[in-house]
Amino acid sequence: MPERAADVRFEATEKSFGPVHALHPLSLTIEPGTLFALLGPSGCGKTTTLRLVAGFEQPSAGQVFIAGKDVTGLPAYKRNFGMVFQSFALFPHLTVGENVAFGLQMRRVSRSETATRVQRALDLVALGRYADRYPSELSGGQQQRVALARAVVFEPDVLLLDEPLSALDKMLREQMQVEIRQLQQRLGMTTVFVTHDQEEALTMADRIAVMRDGRLLQAGAPRDIYERPDSQFVATFLGASNILTATVEGIEDGTVVAALAGQTVRAAAPPRQPERGAEIALALRPERIAIGETGLVEARVEDFIYRGATVQVSLDLAGQPLNATLPSDRALGLKPGAQVRLSWPDDALVALSG
Amino acid sequence: MPSLRLSSLALLAPPVLLLGVFFVMPLCYLLFVSFMTNSMGDLYETVPTLANYTEIVSDPFYHLIIERTLLSTAVILIACFLIGYPVALYASRLEARGRLLLLMALMVPLMVSNVVRAYGWVAILGRQGVVSGTLNTVGLVDRPMSFLYDFQAVTLGLLTILLPFMVITLTNSLMTIDERYREAAEALGAGPWRTFLRVTLPMSSPGIASGLMLVTFLTLSAYVTVALLGGPRYKLLVSFVFDSVSSFRWPRAAALSFVLLILALVVAAVIQIIVRPGRVKGRG
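Residues numbered from 1 in each chain as written. Chains lettered and ligands numbered in written order. Predicted model: local features only at pLDDT ≥ 70, side-chain atom pairs only at ≥ 80, totals over all residues.

## Observations regarding the pairing of strand S16 (residues 297-306) of chain A
All names here are of chain A.
Alright, step 1. With four bridges joining them, S16 and strand S19 (residues 339-343) adopt antiparallel strand pairing. Across the sheet, the residue bridging to Glu 298 is Arg 341, located in S19.
Alright, step 2. Here S16 runs beside strand S17 (residues 310-317); their pairing, made up of six bridges, is antiparallel. Looking across to S17, one finds that Asp 303 is bridged to Ser 314.
Alright, step 3. Counting the residues in the hairpin turn of S16 and S17 gives three residues, including Gly 308, whose phi is positive at 85°. (Pairing = 2+ DSSP bridges. Helix = DSSP H or I, 4+ residues; strand = E, 2+ residues; numbered from the N terminus.)

Spelled out as structure tokens, the structure:
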């Protein structure tokens, strides 16, 4: 299949259902060929955003572009996208082959070409010999792959996945995360997927947009978002994070200098610069903290939980609770009540704007 | 698990017993009677004979009646489907309150007795009726005309009774089809019309089949409407079951009942073959 990559662009796109603002004005560009995750808790507007691309919903204001073309107002069947539904929505009265052929038949592709392309798409998802089965005769993972084949066989501009893995059990889900990623890489197709699972988003996506209450909070590469969250919500929604309160002492070239537990610390500055003397929230990932006899600040060990490969240590930092995750062998000899010193790499502490 | 099987047997026993005593046994008895000789004094004379069936099979008059019965059933089935489907489709997409109101409105006529309703049609279709009067006034015909005691009166009368059954059965079936299937078809490039033909219609085939079967059985067994609107001139098979009984030819009536039963089964089989409800194999 030839490479096909289109961009998806939102321009001040918004959607209300009656008095409910499902999506506040959103401006966002999804670059061609990226695997893009819309991540957030339920009701955050991620599904509405996807349905706006599909044309199942029309925006209350603003525009949607696919491949540079304004598709606002265009019904779903006139847009060229493939979609995998949460429940797969394979047609139960059609065989696997007929399901995959459906999109080609709607595009009036000739019978012989349809047959070859269906076969190729089924081979792509390793189900080449299942064309004559009915969906109900397949396992959940196989149904998922048929749904994928059906969505990509007609080379759509964009592939949309609505919580594609939530109907599968954990083992299968992890396997399919890799499979979908590989398939997307091979086809080079711009892909937007909706998920509430941060691990899934981090594993699969090239870029992640974190949403909450109908608003886009932060968009970027997984590593950027994980290491440089700019809000408390993003910091805690993506993985575990300690949120500490400190007082701003000053700003020095992109770094906030703050007082934390009586010590001066440095943290990456948020987009919106805080004022001197203001209270500020700092995010610190548990796995980046080291415990030793030397270090920046002093804390007291409260408790620890053994988790096999790691140990989670609960600490008290001048009245602020703090968790650290250490490799098991580094935690030997720690006892509740012990006074320890904590240190972390310079870039581990991130100042948040909200 | 013997205990489980025992308990499921216990659950099954009452309906099986009920069906056995009040349906299967009488049916067998009816079959038996249908092979007996007619008798003026008794229910039947215990002389086995095939005469009741051979008379029906060889008599061209009965051929005409069977043809007529099948024709009116076919017309009613097609009309029920063509009129009922759009209504059911509309009802299935209404929100719960509106749907309840619509279905209630459809059922109100069923609360009037069949006899009363049939006389209503007499008032509309008769020589002094509304249709005849209107045509006269407009000048399309120059003398009073009756539309009663013919095919159209019986078919119309039955159709109005049976349509609600079709609509309600279909509505329930259409409502079980998840909206995602329609969206999936749209996503694949199917417009509203093709989505309907390729997805909604075939996926509702179990509902179509059960609705049509229900209408078939009700049509073939309807008597009052046929008797009042068909009168002496337009009789269906069921009318002759009644006539045989009133002239005390019980074995003949039994044989006719079996012919009717066979017709019903044949129509049901044809419906299954055309509609193919079995193709919706679970909802993947």
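## Remarks on the interface of chain B and chain A
Alright, step 1. The partner chain A presents 22 residues to the 20 residues of chain B that form the contact.
Alright, step 2. Elements with a minimum of two residues in the side of chain B that touches chain A: helix H8 (179-187) and helix H9 (192-203) of chain B.
Alright, step 3. Here the element with the most residues in the side of chain B that touches chain A is H8(B); it accounts for six residues.
Alright, step 4. Residues belonging to the side of chain B that touches chain A are distributed by class as follows: nine nonpolar, four polar and seven charged. (Contact = placed C-beta atoms within 7 Å. Nonpolar A, V, L, I, M, F, W, Y, C, P; charged D, E, K, R; others polar.)

## Description of the nonpolar core
Alright, step 1. Core analysis: the biggest nonpolar cluster contains 110 residues, and Val53(A), Ala149(A), Leu160(A), Val192(A) and Leu282(A) have the highest contact counts within it.
Alright, step 2. Both domain 1 (8-228) and domain 2 (233-351) of chain A contribute no fewer than three residues apiece to this core.
Alright, step 3. Excluding residues that lie within four positions of it along the chain, Leu282(A) makes contacts with Leu244(A), Ala246(A), Ala258(A), Leu260(A), Ala267(A), Leu349(A), Val350(A), Ala351(A) and Leu352(A).
Alright, step 4. Grouped together as the second largest cluster of nonpolar side chains are 48 residues, Leu212(B), Leu228(B), Phe240(B) and Ala254(B) included. (Core = buried A, V, L, I, M, F, W, Y, C linked by C-beta atoms within 7 Å. Buried ≥ 20, exposed ≤ 12 C-beta atoms within 10 Å, placed from the backbone. Domains from an automatic or database assignment.)

## Focus on the pairing of strand S18 (residues 320-327) of chain A
Residue and element names in this part refer to chain A.
Alright, step 1. Pairing of S17 with S18, which is carried by eight bridges, proceeds in the antiparallel orientation. Across the sheet, Gln 312 pairs through a bridge with Thr 325, a residue of S18.
Alright, step 2. Counted between consecutive antiparallel strands, the loop separating S17 from S18 contains two residues, among which Ala 318 sits at a positive phi close to 45°.

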